[in-house]
Amino acid sequence: MSKTYSSAEQAYRAVKERILSGALAGGELISEGEIAADLGTSRTPVREAFLRLETEGWMKLYPKRGALVVPIPPDEAEHVAHARYVVETAAVRSATANDTGMLIEALRSSIERQRDLAAAGDLDGFAVADTDFHRTYVLAGGNPLLSGFYDSLRERQRRMNSVALRRGPVDITRIIEQHARLADLVAAADVDGFADALVEHLSGVHQLQLRGR
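Here the structure is a predicted model, which is why all the values come from computation and not from measurement.

## Considering the overall build of the protein chain
- Tallying secondary structure elements over the protein chain gives 10 helices and three strands in all.
- In sequence order, the protein chain lays out its α and β elements as α-β-α-α-β-β-α-α-α-α-α-α-α.
- Counting only C-alpha atoms, the protein chain reaches 55 × 40 × 35 Å along its principal axes.
- For the protein chain, the proportion of its 213 residues judged to be buried stands at 43%.
- Counting only contacts in the protein chain whose residues sit at least 6 apart along the sequence, the fraction spanning at least 24 positions is 69%.
- Here the protein chain displays about 11100 Å² of accessible surface, and carbon together with sulfur accounts for 51% of that area.
- On the protein chain, the mean spot of the 26 positive side-chain charges and the mean spot of the 30 negative ones are 6 Å from each other.

Structure, rendered in structure tokens:
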């Protein structure tokens, strides 16, 4: 691997991480120069990173002006949340047809980690843990096609979570309580109750009017 490619890959990962974490907000205009200076590299790898991020839809490049971080379109947030609802409820329906002992243990372990991250004020870490919590029971559903589709939404989910947490004020304690409620409903194999609780959770976190069953 060439040094130029390695630098471009590092720049790509660094800038994308800032977008996903919300450190670079949607609508913000940034320049190659400021990112290069911040990363301690030349403009060339940053330019390559920007081009790649534009191809993926995270940025819009404007010659001689800079790169615009593409905001999350309102309809995308709603579409992602609805897709999550469909996949997560289907996965829980499948998962609760089998023994959920290990799943419940994993969910409750995740909730404890979320509490620790919240207490430490680690919003970025909490956003990742939030996404991983939901993914845990999706994987437990045992459908690789649904799991693969869910993972294709992972980066969008993480960015939505990060934006919601940074938008403020966000009651993280309430989010954790809702996660605990979801885990309890999985343990009780109450799929309908889980579906209703998930609608309330997604609607509140992302400020949407989401409809369930």
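## Here's the deal with the sheet that holds strand S1 (residues 29-30)
- Reading across the sheet, the three strands line up as S1-S3-S2 and stay open at both edges, with antiparallel pairing between neighbours. Both outer strands of the open sheet, S1 and strand S2 (59-62), are each paired with one neighbouring strand and no more.
- Two elements, S2 and strand S3 (residues 66-69), share four bridges in a ladder whose sense is antiparallel. The residue of S3 that forms the bridge with Tyr62 is Gly66.

## Digging into the pattern of salt bridges
- In this structure the tally under the stated criterion is 17 salt bridges.
- Here Arg108 and Asp184 are joined by a salt bridge, their closest N and O atoms 2.9 Å apart. Separated by 76 residues along the polypeptide, Arg108 in helix H5 (residues 101-120) and Asp184 in helix H9 (residues 172-187) bring together distant segments of the chain.
- We classify Arg108 as partly exposed; its relative accessible area is 41%.
- Judged by its relative accessible area of 36%, Asp184 falls in the partly exposed class.
- Between Arg174 and Glu200 there is a salt bridge, with its nearest N and O atoms 2.9 Å apart. With Arg174 in helix H9 and Glu200 in helix H10 (residues 191-206), the pair connects residues that are 26 residues apart, well separated along the chain.
- Overall, Arg174 belongs to the partly exposed group, its relative accessible area being 37%.
- Glu200 gets classed as partly exposed once you look at its relative accessible area, which sits at 45%.

## Some remarks on the confidence of the model for the protein chain
- Across the protein chain, the average pLDDT comes to 90, with 93% of residues at 70 or higher.
- Considering each helix and strand of the protein chain separately, the mean pLDDT is smallest for helix H8 (residues 154-167), with a value of 80, and largest for H5, with 97.

## Some points on the packing of helix H4 (residues 74-95) against H8
- The contact between H4 and H8 brings their axes to 11 Å, and the two run at 115°. Pair H4 / H8 crosses with left-handed handedness. Residues Glu76, Ala77, Val80 and Arg84 of H4 lie in contact with H8, whose contacting residues are Arg156, Gln157, Met160 and Asn161.
- Here the contact of H4 with H8 is built from residues that sort into three nonpolar, two polar and three charged.

## A few points about the environment of Gln207
- Relative to the assigned elements, Gln207 resides in the segment after H10.
- Take Gln207: its relative accessible area is 59%, and that puts it in the exposed class.
- C-alpha of Gln207 to C-alpha of Ala164: the two residues are 43 residues apart in sequence and 8.5 Å apart in space.
- Those residues within four positions of Gln207 in sequence are excluded, and the remaining contacts are Arg167 and Leu202.

## Section: the domain arrangement of the protein chain
- Partitioning the protein chain into structural domains gives domain 1 (7-69) and domain 2 (75-206).
- Relative to domain 2, the C-alpha centre of domain 1 lies at a distance of 29 Å.
- With both chains or domains summed, domain 1 and domain 2 bury close to 770 Å², and 47% of this area falls on carbon and sulfur atoms.
- Three residues, Leu20, Ser21 and Trp58, lead the burial of domain 1 against domain 2; their summed loss comes to 61% of the area buried on that side.
- Put simply, Arg158 and Glu17 hold a salt bridge, and the shortest N to O gap is 2.5 Å.
- A per-element tally of the side of domain 1 that touches domain 2 places helix H1 (residues 3-21) first, with five residues.
- Here the residues of the side of domain 1 that touches domain 2 are counted per class, giving five nonpolar, three polar and two charged.

Rules of the game
- Residues numbered from 1 in each chain as written.
- Predicted model: local features only at pLDDT ≥ 70, side-chain atom pairs only at ≥ 80, totals over all residues.
- Heavy atoms only, no water.
- Helix = DSSP H or I, 4+ residues; strand = E, 2+ residues; numbered from the N terminus.
- Buried < 20%, exposed > 50% of the residue type's maximum accessible area, 1.4 Å probe, protein only.
- Contact = heavy atoms within 4.5 Å.
- Areas by Shrake-Rupley, 256 points an atom, 1.4 Å probe, with all protein chains shown as cover.
- Lys, Arg positive; Asp, Glu negative; His and termini not counted.
- Charge placed at Lys NZ, Arg CZ, Asp CG, Glu CD.
- Pairing = 2+ DSSP bridges.
- Salt bridge = Lys/Arg side-chain N within 4 Å of Asp/Glu carboxyl O.
- pLDDT = per-residue confidence, 0-100.
- Axes fitted to C-alpha atoms, helices over the stretch in contact; angles between N-to-C directions.
- Left-handed = near helix turned anticlockwise from the far one by under 90°.
- Nonpolar A, V, L, I, M, F, W, Y, C, P; charged D, E, K, R; others polar.
- Domains from an automatic or database assignment.
- Buried area = accessible area lost by both parts, 1.4 Å probe.

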